[in-house]
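Listed here are the chains, written in short residue letters.
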Amino acid sequence: MNPAGPDVQPYDALLVLSFGGPEKPEDVVPFLENVTRGRGIPRERLEQVGEHYFLFGGKSPINDQNRALIAALEKDFAEQGIDLPVYFGNRNWDPYLADTLAQMTADGVQRAAVFATSAYSSWSSCRQYRENLYDAVQQVPGAPRLDKLRQYYNHPGFVEPAVDAVLTALAELPANGDQARLVFVTHSIPTAMGETSGSLDPAGQPRGAYVLQHRSVADEVARRVREATGRAHRHDLVYCSRSGAPSTPWLEPDVNDHLEELATDGVTDVVLAPIGFVSDHMEVIYDLDTEAMETAERLGIRAARAATAGVDPRFVAMVRDLVLERAAAERGGAPTRPAVGTMPAGPDVCGVGCCPNARGERPALCGADS
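Just so we're clear, the structure is a prediction, and the values are computed from it rather than from any experiment.

Draft legend 1. Up close: the sheet that holds strand E4 (residues 145-148). Read across the open sheet, the four strands follow the order E2-E1-E3-E4; overall the sheet is parallel. Because the sheet does not close on itself, it has two edges, and the strands there are strand E2 (86-90) and E4. Averaged over all adjacent pairs, the angle separating strand axes in this sheet is 30 degrees, with direction ignored. As defined by bridge partners, strand E1 (residues 13-18) adjoins strand E3 (residues 111-116) across five bridges and the pair is classed as parallel. Bridging from a neighbouring strand, leucine 14 pairs with alanine 113 of E3.

Draft legend 2. How the structure looks around unusual backbone geometry. Cis geometry is found at the peptide bond from glutamine 9 to proline 10, where omega equals 15 degrees. Tracing the backbone shows proline 10 in the segment before E1. Unusually for a residue other than glycine, alanine 175 sits at a positive phi of about 55 degrees. One can find alanine 175 in the loop between helix H6 (156-171) and strand E5 (181-187).

Draft legend 3. Structural context of the sheet that holds E5. Across the sheet, which stays open at both edges, the four strands sit in the order E6-E5-E7-E8 with parallel pairing between neighbours. Edge positions in the sheet fall to strand E6 (235-240) and strand E8 (302-305), since each has one partner strand and no second. Strand-to-strand twist of the sheet, defined as the mean angle between neighbouring strand axes without regard to direction, takes the value 30 degrees. In the sheet, E5 pairs with strand E7 (residues 269-273) via four bridges, with the strands oriented parallel. In the sheet register, phenylalanine 184 faces E7, and the bridge partner there is alanine 273. Set on the sheet, H6 makes contact with E5, E7 and E8; between it and E7 the angle comes to about 150 degrees. Running over the sheet, helix H9 (residues 255-264) touches E5, E6 and E7 and is turned about 140 degrees from E6.

Draft legend 4. Just the side chain of serine 241, in detail. Here serine 241 lies in the loop between E6 and H9. By relative accessible area, which is 15% here, serine 241 ends up buried.

Criteria and cut-off values
Residues numbered from 1 in each chain as written. Predicted model: local features only at pLDDT ≥ 70, side-chain atom pairs only at ≥ 80, totals over all residues. Heavy atoms only, no water. Pairing = 2+ DSSP bridges. Helix = DSSP H or I, 4+ residues; strand = E, 2+ residues; numbered from the N terminus. Axes fitted to C-alpha atoms, helices over the stretch in contact; angles between N-to-C directions. Contact = heavy atoms within 4.5 Å. Buried < 20%, exposed > 50% of the residue type's maximum accessible area, 1.4 Å probe, protein only.

Following this line, the structure appears as structure tokens:
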């Protein structure tokens, strides 16, 4: 008989919450309409964006990647003696979050931890998920209490796979990438959203956490790569997947524009490291593997792309550790909260003024207030 596993009380389920993506060609435009609802983006523009999906058969890889993560979590939980069912819900496509909450309610789930597949702080990468959780709870009578787990961009289980991925990519380049530039890539967001991301500082001013968090991770990965190789590589933070009106400023530089500048400066080798993403979904396989690689080839730059965390065992174990950490805190304990780099571990409950919605204040779940 196996001994009892780690204590996950008060939780009786884990919900993996993600963005969603189309599963077949006829899903593409309706999916994009869900994503952009209320923003007044014309259908013609959505059809143009949809061409990215049609290049890959009209299917986003994100749902399959989340199913693989869930399978890995279920295996990890079983090996650790943790009896915790794992559910899957999306913001923008099937399985929709409200439908998943209805199933959880029917299954008798009372209180669930929520792991969102977005590691950093901003309205689109954190608070919008909390707003979606609030909305879904209102739609489901008797819905379980939901506690969203903290942001994990600087957790060792996220950072260490990124370090190894960069080292592997360097080895694919001539001379093990001796002269390679490390180009860390994340999803661009409107500049104003970036500036207001995170909770307010003691003076009541926004922290600009989105960029600060990414820079902290990029610096930490570059530092560890230097320790492993004995070589210091220059590194940059750049962005991809810009959308929205051309008149609205978004975080720059774009990865393709940056490659142009590097070529002008005589850089011949780069590693593209998508530290803003947890798996190889559309922004990675199109924006980097397709578009940025084509740009690099045109410019005569040798480029290698570092892997995302995906189902790396350390990332899977991180999710388990976040559940146990939060469970212990909810029971009144003071658990260890691992974090690497220059920034502390994020809070369980978001702070005052955290990542505001530019279109107006909306209710949002934030851990213990559900």
